[in-house]
Amino acid sequence: MQFPLTEEHRLIQETARNFADNEIAPVADRHNREGSFPLELVKRLGELGFMGMLVPEQYGGTGLGNLPLVVALEEVNRVDASTGVTMSVQNSLVCAPIVHFANETLKQKYLPKLASGAFLGAYALSEPGSGSDAAGLVSSAVKDGDSYVLNGTKNFITTGAEADIVVAMVRTDPNHKTRGITAFILEKGWKGFSVGKKEEKLGLRSSSTVQLVFEDLRVPAANIVGELGLGFKIAMHTLDGGRIGIAAQAVGIAQACLDASVKYAEEREAFNQPIGRFQAVQFKLANMATKLEAARLLVYNAARLKDEGQPHGKEAAMAKLFASEMSNEAAREAVQIHGGAGYLEDFPVERYFRDARITEIYEGTSEIQRIVIARHLLKGLR
Amino acid sequence: MKIVVLVKSVPDTESKIKIAADGVSIDPAGVKFVMNPYDEFAVEEGLRIKERLKDDTTVVAVSMGPERGVEVLRTALAMGADDAIHVSDPAFEGGDAQANARVLAAVIKPLAADLILGGKQAIDFDAAQTCPAIAEYLEIPQALIVTELKLSDDKKTATARRRVEGGDELVELSLPALVTCEKGLNEPRYASLPGIMKAKKKEIKKVGLADSGLTAEQVGAAGSKSKVVKFHNLPERPAVKMIPGDAATQAKELVRLLREEAKVL
Ligand SMILES: Cc1cc2nc3c(=O)[nH]c(=O)nc-3n(C[C@H](O)[C@H](O)[C@H](O)COP(=O)(O)OP(=O)(O)OC[C@H]3O[C@@H](n4cnc5c(N)ncnc54)[C@H](O)[C@@H]3O)c2cc1C
């Protein structure tokens, strides 16, 4: 923690670390093995204020900002990436767009409940036919009096099974690819809203990933976030922030890999000495620690830029790209340092290895991050 | 009521402790310092009493020691303490438990506390002397290593439960009194983010030698009747010998080793 973090950041980190170590870590393996969502822990994170870090105080949050958020996210993800993504989605993908784009009525209605964790939220952009090409979405909303009637399917929606509300991007105009998309807030109990298939996954096994199905789902026009046709802009702006959170997740997983590897390298003996005495192992640890530190600084910097209201799209993409690839390398090396034990469920690195993989995929694959970064560089080619 | 909670900054139990070059102190480099775990019970108990009473009760956290004491005070404030006092002065350095208790008693006395809560011991030096000595200097009753604490309705007495050999002892104390807290008393809360934000805005009062009303001869090394002359590392754990074979062979070999090598039989 060398970056100029303040006393306040240190306290936030301490609380997040203690909660992660004492409350989440002891049950994380069980939840991941059973594929059960740790609802009670998520609610407690909400009570402590960890779900409303981007929500201003007047709406029941703390408004602490992105730098404290990534500091806390790293700690939670260090012990459990499933709980970590739930927290990241709630803060960055659900609360943040409402704070930035929704009108006063919607803010008053939804933010206090989201900030306290009383409500859980989900962000629904991807569809069966569109992921990286997010603007290719086809779910539709047709105006009917004071409301819109929604039809379509959303795919891979994190916390979708538990969510009380969903921020969903839906097509309101088939004639404009990007400007024909609108963001709506949907509530779970509404007729025509249903939770479809729950996906079985390689990792993040105690986070739920589900399909959401809209069948003649009637949504009041008042539940439009921002304005008609602003949905794609909102979605992209939101992901710029969310990516910093996923980058922090990658850093947290990598830190866990390093911690476990250092411990194992000091304890495990081969050829009559701790394996940490072999230079091959030492170099792996040194590389892991160095790249981890570099990634953390990229994450902190992107978060700082966002908090200062400066352009941060490129930096967020860089942080996510570098941190997620670093994290997978760290997880691979951690398994290697553990030898056969690293391949077993009995050691935590087996889970880290599976969990790290998603960070290169969601909220924009590594390929998409490179495209984003290159676009920022090649402005002359527009 | 006024409740004083005593908190100390100590090395985290997971930190690797190195003896400093002078041989009589701990090298703080690379050590993570945290609130003494038993002091967390004290803070929590103070806050719970305040919350139960729902009156104008205040909880004041007091820490003595170097600058890092400010961090544990900030943690106590973030948990919900109302005020914080940092007792620090170059003259206080090198004090033994008795000298430190003299200082703390002098600082606490004008606060007119009804209840003083501390940890049963600090996990750095494990002396468990400072709190009882404070009670002695203040001439108030004390109950140590307490696992349950109840205030009377008139707030004039407290009943403390202590684990003693073979059972529990209930002690009634007239207030003001000092109580040291043991694991089991309560489950300390986590500092919430709103709590942390509130703590940021609170001032930590500094108190030094001049404010204590004591003289330089009464405090720190000069005011101590005992001093640490040397720290020793624990001897390195000798190599473990694994005895192979089936149970009968193992037992036989173990007896032989206990007799011939360990010479305990
Ligand atoms: C566990 C999990 C949780 C998720 N949570 C959510 C959520 O909460 N909300 C949500 O909306 N979505 C969510 N997603 C969806 C996720 O964001 C998408 O899976 C991701 O954006 C990739 O889209 P895709 O799966 O359609 O892959 P595709 O877009 O089909 O990509 C397939 C491959 O092609 C590459 N590719 C695509 N286009 C290009 C290009 N132009 N140039 C080069 N390469 C390209 C990709 O990088 C990838 O390697 C989640 C996914 C998972 C697995």
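Residues numbered from 1 in each chain as written. Chains lettered and ligands numbered in written order. Predicted model: local features only at pLDDT ≥ 70, side-chain atom pairs only at ≥ 80, totals over all residues. Heavy atoms only, no water.

1. Focus: the overall build of chain B
Argument step 1. Looking only at helices and strands, chain B has seven helices and eleven strands in total.
Argument step 2. Seen along its three principal axes, the alpha-carbon backbone of chain B occupies a region of about 70 × 45 × 40 Å.
Argument step 3. For chain B, buried positions account for 44% of its 265 residues.
Argument step 4. Excluding contacts between residues fewer than 6 apart, the proportion of contacts in chain B whose partners are at least 24 apart in sequence is 70%.
Argument step 5. Carbon and sulfur atoms make up 53% of the accessible area of chain B, which amounts to about 14,700 Å² in all.
Argument step 6. Once the 37 positive and 40 negative side-chain charges of chain B are each reduced to a mean point, those two points are 3 Å apart. (Helix = DSSP H or I, 4+ residues; strand = E, 2+ residues; numbered from the N terminus. Buried < 20%, exposed > 50% of the residue type's maximum accessible area, 1.4 Å probe, protein only. Contact = heavy atoms within 4.5 Å. Areas by Shrake-Rupley, 256 points an atom, 1.4 Å probe, with all protein chains shown as cover. Lys, Arg positive; Asp, Glu negative; His and termini not counted. Charge placed at Lys NZ, Arg CZ, Asp CG, Glu CD.)

2. Details of the side chain of A:Ser88
Argument step 1. As for its placement among the helices and strands, A:Ser88 is situated in helix 4 (residues 81-101).
Argument step 2. Leaving out residues up to four positions away in the same chain, A:Ser88 has contacts with A:Leu73, A:Leu93, A:Gly242, A:Gly245 and A:Ile246.

3. Considerations on the interface of chain A and chain B
Interfaces are often described in size by the accessible area the parts lose on coming together.
Argument step 1. Taken together, the contact pairs 21 residues of chain A with 13 residues of chain B.
Argument step 2. Both faces considered, chain A and chain B share a buried interface measuring about 1,500 Å² in area, 63% of it formed by carbon and sulfur atoms.
Argument step 3. Of all residues in chain A, A:Glu8, A:Leu11 and A:Leu48 bury the most surface against chain B, accounting for 33% of the area lost on that side.
Argument step 4. The tally of links from chain A across to chain B stands at three salt bridges.
Argument step 5. Across the salt bridge formed by A:Glu8 and B:Lys200, the nearest N and O atoms sit 3.4 Å from each other.
Argument step 6. Remark: the boundary between chain A and chain B carries six residue pairs in polar contact (both at pLDDT 80 or more).
Argument step 7. Of the residues forming the side of chain A that touches chain B, the biggest block, twelve residues, is contributed by helix 1 (residues 7-34) of chain A.
Argument step 8. A per-class count over the side of chain A that touches chain B returns seven nonpolar, five polar and nine charged. (Buried area = accessible area lost by both parts, 1.4 Å probe. Salt bridge = Lys/Arg side-chain N within 4 Å of Asp/Glu carboxyl O. Polar contact = N/O pair within 3.5 Å; in protein donor to acceptor, adjacent residues only side chain to side chain. Nonpolar A, V, L, I, M, F, W, Y, C, P; charged D, E, K, R; others polar.)

4. Let's talk about the sheet that holds strand 7 (residues 142-151) of chain B
Residues and elements named next belong to chain B.
Argument step 1. Read from one edge to the other, the open sheet built from nine strands follows the order 9-8-7-10-6-1-4-5-11, with strand pairing classed as mixed. Looking along the sheet, the strands with just one partner apiece sit at the ends: strand 9 (167-174) and strand 11 (204-207). Recorded for the sheet is a direction-independent mean angle of 35° between the axes of neighbouring strands.
Argument step 2. Where strand 5 (residues 83-87) meets strand 11, four bridges bridge the pair, whose relative direction is parallel. The partner of His86 across the bridge, within strand 11, is Lys206.
Argument step 3. The sheet contacts of helix 2 (residues 69-79) involve strand 4 (58-64), strand 5 and strand 11, and relative to strand 5 the element is tilted by about 165°. (Pairing = 2+ DSSP bridges. Axes fitted to C-alpha atoms, helices over the stretch in contact; angles between N-to-C directions.)

5. A few points about the packing of helix 8 (residues 313-338) of chain A against helix 10 (residues 366-377) of chain A
Residue and element names in this part refer to chain A.
Argument step 1. Between helix 8 and helix 10, whose axes approach to 9 Å, the crossing angle comes to 145°. As helix 8 packs across helix 10, the resulting crossing turns out to be left-handed. Residues Gly313, Lys314, Ala317, Met318, Lys320, Leu321, Ser324 and Glu325 of helix 8 touch helix 10, and the partners they reach there are Ser366, Gln369, Arg370, Val372, Ile373 and His376.
Argument step 2. Split by residue class, the contact of helix 8 with helix 10 holds five nonpolar, five polar and four charged. (Left-handed = near helix turned anticlockwise from the far one by under 90°.)

6. Some points on unusual backbone geometry
Argument step 1. The peptide bond linking B:Leu175 to B:Pro176 adopts the cis configuration, its omega dihedral lying at 0°.
Argument step 2. By the secondary structure assignment, B:Pro176 is in the loop between strand 9 and strand 10 (177-181).
Argument step 3. The phi torsion at A:Phe271 lies on the positive side, around 50°, for a residue other than glycine.
Argument step 4. Here A:Phe271 is to be found in the loop between strand 9 (269-270) and strand 10 (273-274).
Argument step 5. Within the chain, B:Ala112 stands out as a residue other than glycine whose phi angle is a positive 50°.
Argument step 6. By the secondary structure assignment, B:Ala112 is in the loop between helix 3 (97-108) and strand 6 (115-119).

7. Quick notes on the nonpolar core
Argument step 1. Counting residues in each nonpolar core, the largest one holds 143 residues, and the members touching the most others are A:Phe50 and B:Leu149.
Argument step 2. Beyond its immediate stretch of four places on either side in the chain, B:Leu149 contacts B:Glu45, B:Ile49, B:Leu115, B:Leu117, B:Ala158, B:Thr159, B:Ala160, B:Val179 and B:Leu185.
Argument step 3. Counting residues in hydrophobic clusters, the runner-up holds 29 residues, among them B:Ile85, B:Val107, B:Ile108 and B:Ala133. (Core = buried A, V, L, I, M, F, W, Y, C linked by side-chain atoms within 4.5 Å.)

8. Here we look at a nonpolar patch on the surface
Argument step 1. There is a patch of nonpolar side chains on the surface, built from A:Leu377, A:Leu378 and A:Leu381 and spanning about 360 Å² of accessible area.
Argument step 2. Residue class for A:Leu381 comes out exposed when judged on its relative accessible area of 70%. (Patch = residues over 30% accessible without salt bridge, like charges linked within 9 Å, V, L, I, M, F, W, Y side chains within 5 Å.)

9. A word on the domain arrangement of chain B
Argument step 1. Under the domain assignment, chain B is made up of domain 1 (2-223) and domain 2 (235-265).
Argument step 2. When each unit is reduced to the centre of its C-alpha atoms, the spacing between domain 1 of chain B and domain 2 of chain B is 47 Å. (Domains from an automatic or database assignment.)

10. Things to note about the environment of B:Val228
Argument step 1. Here B:Val228 lies in the loop between helix 6 (209-212) and helix 7 (247-260).
Argument step 2. On a C-alpha basis, the gap between B:Val228 and B:Asp96 in space is 8.5 Å, while along the polypeptide they are 132 residues apart.

11. Concerning the packing of aromatic side chains
Residues and elements named next belong to chain A.
Argument step 1. Overall, the coordinates contain seven aromatic pairs over all chains when judged by the stated rule.
Argument step 2. Ring centres of Tyr264 and Phe347 lie 5.8 Å apart, and the angle between their planes is 85°; this geometry places the pair in the edge-to-face category. Taken together, the positions of Tyr264 in helix 6 (residues 231-267) and Phe347 in the loop between helix 8 and helix 9 (348-356) put the pair 83 residues apart, joining distant regions of the chain.
Argument step 3. We classify Tyr264 as buried; its relative accessible area is 13%.
Argument step 4. The partly exposed category is assigned to Phe347, whose relative accessible area is 29%.
Argument step 5. The ring of Phe119 has Lys113 sitting right over it, with the charged end atom 5.2 Å from the ring centre. (Phe/Tyr/Trp six-rings, centres within 6.5 Å; stacked < 30°, edge-to-face > 60°. Lys NZ or Arg CZ within 6 Å of the ring centre and 35° of its normal.)

12. With respect to the domain arrangement of chain A
Residue and element names in this part refer to chain A.
Argument step 1. The domains assigned to chain A are domain 1 (7-119), domain 2 (122-229) and domain 3 (233-381).
Argument step 2. Using C-alpha coordinates to define each centre, domain 1 is positioned 20 Å away from domain 3.
Argument step 3. Counting residues at the interface gives 25 residues for domain 1, matched by 29 residues for domain 3.
Argument step 4. Put simply, Asp29 and Arg351 hold a salt bridge, and the shortest N to O gap is 3.2 Å.
Argument step 5. Of all the secondary structure elements, the ones that give two or more residues to the side of domain 1 that touches domain 3 are helix 1, helix 3 (66-79) and helix 4.
Argument step 6. The biggest single contributor to the side of domain 1 that touches domain 3 is helix 3, with ten residues.
Argument step 7. Within the side of domain 1 that touches domain 3, the residues separate by chemical class into twelve nonpolar, eight polar and five charged.

13. Describing helix 2 (residues 39-47) of chain A
Residue and element names in this part refer to chain A.
Argument step 1. If you check which residues of helix 2 are buried, you get Leu41, Val42, Leu45 and Gly46. Looking down the long axis of helix 2, one finds its buried residues gathered within 145° of arc, a one-sided arrangement. The exposed residues of helix 2 that point more than 90 degrees off its buried face are Glu40 and Glu47.
Argument step 2. Summarising the contacts, the buried residues of helix 2 are in contact with helix 1, helix 4 and helix 5 (104-115).
Argument step 3. In the segment just after helix 2, Gly49 is the residue with positive phi, at about 105°. (Arc of directions from axis to C-beta.)

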